[in-house]
Amino acid sequence: MGRLQRLFNWFKSDGAPIDEADARALRLEFQSRYHQFKLLLNANNQALEIMTELEKALAGNAPFGMKFIRSRVMGAYTRVYQIVKHLQALAPGKYKALSDRLETIRLSLESMLVRHRPAESPAPLVLPFSVLDKSVADQAGMKMASIGEIANRLHLTVPDGFVVTARAFRLFLEHNDLKTEIQRRIQSAEEEGYHQLYTTSADIRRLIQEAPLPPELEAAILEAYRELAARRNREPNMAVRSSALNEDREGTSFAGLYHSALNVSRDHLTEVYKQIVAAAYSPAVMAYRFSRGLADEDTEMCVGIMEMVDAVSGGVLYSANPMNIRDPSVIINSAWGLPKAVVDGTTATDLFQVAKSPALSITRRNIAAKEKKYVCYPAEGVCRLDDTGPEMMQASLTDRQAIALAELAVRIESYYGCPQDIEWAIDGAGEIILLQCRPLQVLTGSPSPPTARNDQADLPPALFQGGITASPGVASGTVHRVLKDVDALQFPNGAVLVTDRALARWAALLPRAAAVVSEKGGMTGHLANVAREFGVPALFGAEGAIDRLEGREQITVDADAGCIYPGRVQSLLTLSERPPSNLMAGTPVFELLEEACQLIVPLTLLDPDSPAFKAANCQTLHDITRFCHEKSVHEMFRFGKAHRFPERSSKQLRARIPMQWWVLNLDDGFKTDVAGERYVDIDNITSIPMLALWSGITAFAWEGPPPVDGKGFVSVMFQATQNQALLPTVRTTMANRNYFMISKNYCSLQSRLGFHFCITEALVGDRTAENYVSFQFKGGAADFNRRLKRVRFVEEILDGHGFRTAVTKDALRARIEQYDAETMIEKLKVLGYLSIHTRQLDMIMANPAMVERYRVQIRKQIDTLLSASPAQAG
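Below is a short write-up of the structure.

1. Looking at the overall build of the chain
In step 1: In terms of regular secondary structure, the chain is built from 25 helices and 30 strands.
In step 2: Every one of the 874 residues in the chain was classed for burial, and the buried ones make up 57%.
In step 3: Partitioning the contacts of the chain with sequence separation of at least 6, the portion at a separation of at least 24 is 67%.
In step 4: Within the structure as shown, the chain displays about 36500 Å² of accessible surface, and the carbon and sulfur contribution to it stands at 50%.

What follows is the structure, encoded as structure tokens:
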């Protein structure tokens, strides 16, 4: 019997034939509704994908910028607008309140996204150090403001100098019309990912360095230098240092990522200024800015120009141990010559540890073989000496100098009220000069040096032992050596960065790195600082590690214990598991994301059978999405009834399992017409995805509810009293039914099995690029913690079968797409199986032995299911 005839037979009332013209009109209307329904589902899937992206961004460990927020927020709104439009086409005039709710949310989101820059008050192009303090951080940047603060409030010794302000930076960009070009390139990099950063960075830096300075800015810089020279009675060479807005703030140090130029003469100041500005768009800086959620306008580049200190020795001191919050010792790293060797991590350094109480005293002294040092050339520039002669094994500080540095650290920490990271130098006269001061991130991890693990008897022989814990933790990944820039271009996600020197420029790779191993460097270097901010385990000073790891693929780095093991050592990884730090919390971009997501992500309409499940009660875009999906299914199933069409237009599936399954044939999902019958047999189904799901649903008989302990039973009863819809005795319109809507290549299953809800949608056909399977899973009768563990249990299984998964509270979403039909059929079998056999498992999730028993059983049965001969695909 033809398709049109079958449709004609549908549209009858009590068996009486209807007019052919009416039948034709009904066929056209049904086809139109089916088209709107498919468009609604497509927009629904896209909206949920965007919400998943936003939820992942809220974790704070994925890079994004303002472009990401604007595009995803408006993208979510656009998809939900389409969903509402298609539902209203299915049911004209029925859900008017949806448009009002959607418009209210849109206006709120737009008001959030409009960025109002405060009116700019007149500011000078240059400020002398003598007027700097933290109150001018928005003009001078936090780094130079801090220098001014300790000089002008604590009266400590800093170099003389001046800062080229944020207003000067904006003037420079506007003078050359660079802002639009820079923003265009940055947005492209945000969209295309990390691999585009290097090309984008090179383009932007070239634009800046080739652009001329505005005449008034060049004049202001040279006049400020002339005044400084007059104060010093000579024309000194200068150190030119970055001082970007938000640099050296707590949690966003940009440690070592910007550029500094040392020992610069007057004649080259303006060109070097442009180099420092251009370095604001280096790959390392751009990667850090995206990862920390800093908008481009919040990292405007101020530049400090200070008298160069020709240091006898220099280094970095921490006013507390950054590896252990319970250890208040002052940590000093020092080397001969300029402090550059210490902060760059290019040579071994001396280590002094000074106890603060009862009186300052040196408790540890490690004198390293300092093979290199940096010194100033007499005319201009710096030189690296690779032979330090007899100084190599001599301490670069006397005990008296170490105590004096510790006194300064204690004083500065007391003033700021938090631990500080301080760069210093000692000049030829023995005077301590402070070059930089910023908040120090102190971790609660293991102390340094590494502490051996005595409780792990099952560990394999270590490939390497030793080094310094620069950032705590354990991680595993493939070895990727990075010795030059071209190596960085090929760095894969999740690899272990193995390098000879802890260079600051490798910080661009940290968002993708599992761990870092460096033959040189210490805990006070820039790369160590940024690794701690990102929570990436780092083992530095690992001499010989490169050769030891030659030819190795996967390794496990235990930075806490200073050990590197072959392969993936799961026992260590499990022991060291901890939730990733939300690195972006408190940043301007992240705060905007949080605010916007409150109107997008939360789901408050949970129970479709509740009287509160109304369009007027939708508080978020997710609420509207959920409401429209639920109502679209209802509208499709009630089409026949609305036209005096009997309910048998949806057929009950004959099944040998004690649940009701109803099937609505949208197009060509049946082999033969069953218009005059109430039931349909599975043998009459041609829908490829439905048959795959059914194969998984029926592959193994459900054993019934798992044994429940007393706590599990009490949890179930409590939840049932809180949510009456969970009680099986409460009858609702759809509580006892599971609904398939099908065509030959499409299936939508909305099921309520016990206490949990599943929505599965799939398109499976010959066009691989269009194939997809999506799955939503929520609910349960136990308390929240058990429900969450059950969701994580299901997530673990789906991850193992190639699904992209996302968990929000006790709800799981999973998706896989663009695989051939055979692969998609396998994935649907897995979903069908899980939808039946994870019923009520939430009640035993507090019992590890029971969980492991079911994990083994489920994996074994899925393997058996997938190894069996394929089910017929219709």
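From this point, the narrative continues.
2. Here's the deal with the side chain of Glu795
In step 1: With respect to the helices and strands, the residue Glu795 is situated in helix H23 (residues 784–800).
In step 2: Of the residues examined, Glu795 reaches a relative accessible area of 13% and is grouped as buried.
In step 3: If we skip the residues at most four places from it in the chain, Glu795 touches Thr805, Val807 and Leu812.

3. A word on the packing of H23 against helix H25 (residues 848–867)
In step 1: At a closest axis distance of 12 Å, the pairing of H23 and H25 adopts a crossing angle of 30°. The orientation of H23 with respect to H25, classified from their angle, is roughly parallel. The chirality of how H23 crosses H25 is right-handed. Contacts between H23 and H25 pair Phe793, Glu796 and Ile797 from the former with Val851, Tyr854, Arg855, Ile858, Arg859 and Ile862 from the latter.
In step 2: For the contact of H23 with H25, a count of residues per class yields six nonpolar, no polar and three charged.

4. Points about helix H5 (residues 137–152)
In step 1: In this model H5 runs just 14 Å from its N-terminal to its C-terminal C-alpha over 16 residues, more than 12% under the 22 Å that 1.5 Å per residue would give.
In step 2: The element H5 is largely enclosed, with a buried count of 13 among its 16 residues.

5. Quick word on the nonpolar core
In step 1: Counting 58 residues, the largest nonpolar core has Leu98, Leu109, Ile600, Leu621, Ile624 and Leu666 as its most contacted members.
In step 2: Looking at this core, the elements with two or more residues in it are helix H2 (20–58), helix H3 (66–90), helix H4 (96–113), helix H18 (588–597), helix H19 (621–637), strand S23 (660–665) and strand S25 (737–742).
In step 3: The element best represented in this core is H2, accounting for twelve residues.
In step 4: Beyond its immediate stretch of four places on either side in the chain, Ile624 contacts Val80, Val84, Leu98, Leu102, Ile105 and Cys618.
In step 5: Ile697, Ile816, Ile858 and Ile862 belong to the second largest nonpolar core, which has 52 residues in total.

6. Concerning the environment of Glu307
In step 1: As for its position among the elements, Glu307 is in strand S5 (residues 303–307).
In step 2: Residue class for Glu307 comes out buried when judged on its relative accessible area of 8%.
In step 3: Sequence separation between Glu307 and Asn263 is 44 residues, and the spatial gap between their C-alpha atoms is 8.5 Å.
In step 4: In this structure, Glu307 is in contact with Pro159, Asp160, Arg232, Arg234, Pro236, Asn237, Met238 and Ala239, ignoring residues within four places of it in sequence.

7. Quick notes on the packing of H4 against H18
In step 1: It is the contact of H4 with H18, at a shortest axis distance of 10 Å, that shows an interaxial angle of 175°. By the criterion of interaxial angle, the relationship of H4 to H18 is roughly antiparallel. Each of Leu109, Met112 and Leu113 in H4 lies in contact with H18, whose residues at this interface are Leu592, Glu595 and Ala596.
In step 2: When its residues are assigned to classes, the contact of H4 with H18 shows five nonpolar, no polar and one charged.

8. Comments concerning the pairing of strand S22 (residues 650–653)
In step 1: The alternating pattern of S22 places Ser650 and Gln652 and Lys651 and Leu653 on opposite faces, both of which are buried.
In step 2: Taken together, the three bridges between S22 and S23 define a ladder with antiparallel strand orientation. Opposite Ser650, over in S23, you have Leu664 as the bridge partner.
In step 3: Taken together, the two bridges between S22 and strand S24 (residues 679–680) define a ladder with parallel strand orientation. Of the residues in S24, the one forming a bridge with Leu653 is Val680.

9. Quick notes on the pattern of salt bridges
A side chain of one charge can pair with a side chain of the opposite charge if their charged atoms are brought near each other.
In step 1: In the structure shown here, the tally under the stated rule is 33 salt bridges.
In step 2: The closest approach of N and O atoms between Glu307 and Arg232, which form a salt bridge, is 2.9 Å. Note that Glu307 is positioned in strand S5 and Arg232 in helix H9 (residues 215–232), a separation of 75 residues in sequence.
In step 3: Using a relative accessible area of 38% as the deciding quantity, one classes Arg232 as partly exposed.
In step 4: The shortest N-O distance in the salt bridge between Glu391 and Lys373 comes to 3.0 Å. Remark: Lys373 occurs in strand S10 (residues 373–376) and Glu391 occurs in the loop between strand S11 (382–385) and helix H13 (399–416); sequence separation between them is 18 residues.

10. As for the sheet that holds strand S1 (residues 126–128)
In step 1: Spatially, S1-S2-S5-S3-S4 is the arrangement adopted by the five strands of the open sheet, whose pairing is antiparallel. Each edge of the open sheet is held by one strand with a lone partner, namely S1 and strand S4 (260–264). Each strand of the sheet is rotated relative to its neighbour by a mean of 20°, with strand direction disregarded.
In step 2: The pairing of strand S2 (residues 161–164) with S5 spans four bridges and is antiparallel. Counterpart to Val163 in the pairing with S5 is Gly304.
In step 3: In the packing of H9 onto the sheet, contacts are made with S1, S2, strand S3 (238–242) and S5, and the angle to S2 comes to roughly 170°.

11. Here's the deal with the packing of aromatic side chains
In step 1: Taken as a whole and judged by the stated rule, the model has ten aromatic pairs.
In step 2: Three or more aromatic residues joined by ring pairs form one cluster here, namely Tyr95, Phe613 and Phe627.
In step 3: Its end group placed over the ring of Tyr34, Lys38 keeps NZ or CZ at 4.6 Å from the ring centre.
In step 4: Above the plane of the ring of Tyr854 lies Arg853, whose end atom (NZ or CZ) is 4.8 Å from the centre.

12. Re unusual backbone geometry
In step 1: Residues Ser357 and Pro358 are joined by a peptide bond in cis, for which omega reads 0°.
In step 2: By the element assignment, Pro358 lies in the loop between strand S8 (350–355) and strand S9 (361–366).
In step 3: The phi dihedral of Asn233 is positive, around 60°, even though this residue is not glycine.
In step 4: For Asn233, the position within the fold is in the loop between H9 and S3.
In step 5: Residue classification places Asn233 among the exposed residues on the basis of a relative accessible area of 72%.
In step 6: Unusually for a residue other than glycine, Asn263 sits at a positive phi of about 60°.
In step 7: Checked against the element boundaries, Asn263 lands in strand S4.
In step 8: For Asn263, a relative accessible area of 4% puts it in the buried group.

13. Regarding the sheet that holds strand S19 (residues 538–540)
In step 1: Read from one edge to the other, the open sheet built from eight strands follows the order S14-S21-S20-S16-S17-S18-S19-S15, with strand pairing classed as mixed. In this open sheet, the two edge strands, each paired with only one partner strand, are strand S14 (464–465) and strand S15 (468–471).
In step 2: Summarising the sheet, S15 and S19 pair through three bridges and their orientation is antiparallel. Bridge pairing in S19 links Thr469 to Leu539.

Calculation rules
The written sequence of each chain sets the order in which its residues are numbered from 1. The predicted origin of the model limits local features to residues at a pLDDT of at least 70 and limits the giving and counting of side-chain atom pairs to 80 or more, whereas totals for whole chains, interfaces and linings rest on all residues. The basis for every side-chain value is the complete set of non-hydrogen atoms in the structure, without hydrogens or water. The way it works is that DSSP assigns letters per residue, a run of H or I at least four long becomes a helix, a run of E at least two long becomes a strand, and they are numbered from the N terminus. Categorising residues by exposure relies on relative accessible area from a 1.4 Å probe, with only protein chains included: less than 20% of the type maximum marks a residue as buried, more than 50% marks it as exposed, and the intermediate range marks it as partly exposed. Any pair of residues with heavy atoms lying within 4.5 Å of one another is described as a contacting pair. Here, Shrake-Rupley sampling with a 1.4 Å probe gives the accessible areas, and only protein chains in the shown set may cover a residue. Lines fitted to C-alpha atoms define the axes here, with helix axes fitted over just the stretch in contact, and angles between the N-to-C directions of these axes take values from 0 to 180 degrees. Each angle is binned into one of four classes, with values under 35 degrees roughly parallel, values over 145 roughly antiparallel, values of 65 to 115 roughly perpendicular, and all other values oblique. In this scheme, a crossing is called left-handed if the near helix is turned counterclockwise away from the far one by less than a right angle; it is called right-handed if the turn is clockwise. Any residue that is not Ala, Val, Leu, Ile, Met, Phe, Trp, Tyr, Cys, Pro, Asp, Glu, Lys or Arg is counted as polar, Gly included; the first ten are nonpolar and the last four charged. To estimate the expected span of a helix, subtract one from its residue number and multiply by 1.5 Å. Here, the term nonpolar core denotes a set of buried Ala, Val, Leu, Ile, Met, Phe, Trp, Tyr and Cys residues that are joined through side-chain atoms within 4.5 Å. Here, any two strands with at least 2 DSSP bridges between them count as paired. For salt bridges, the criterion is a side-chain nitrogen of Lys or Arg within 4 Å of an Asp or Glu carboxyl oxygen. Each Phe, Tyr or Trp ring, with Trp reduced to its six-membered ring, pairs with another whose centre is within 6.5 Å; inter-plane angles below 30 degrees give stacked pairs, above 60 give edge-to-face pairs, and intermediate values give tilted ones. Two conditions define a charge sitting above a ring: the NZ of Lys or the CZ of Arg must be within 6 Å of the ring centre, and it must be within 35 degrees of the ring normal.

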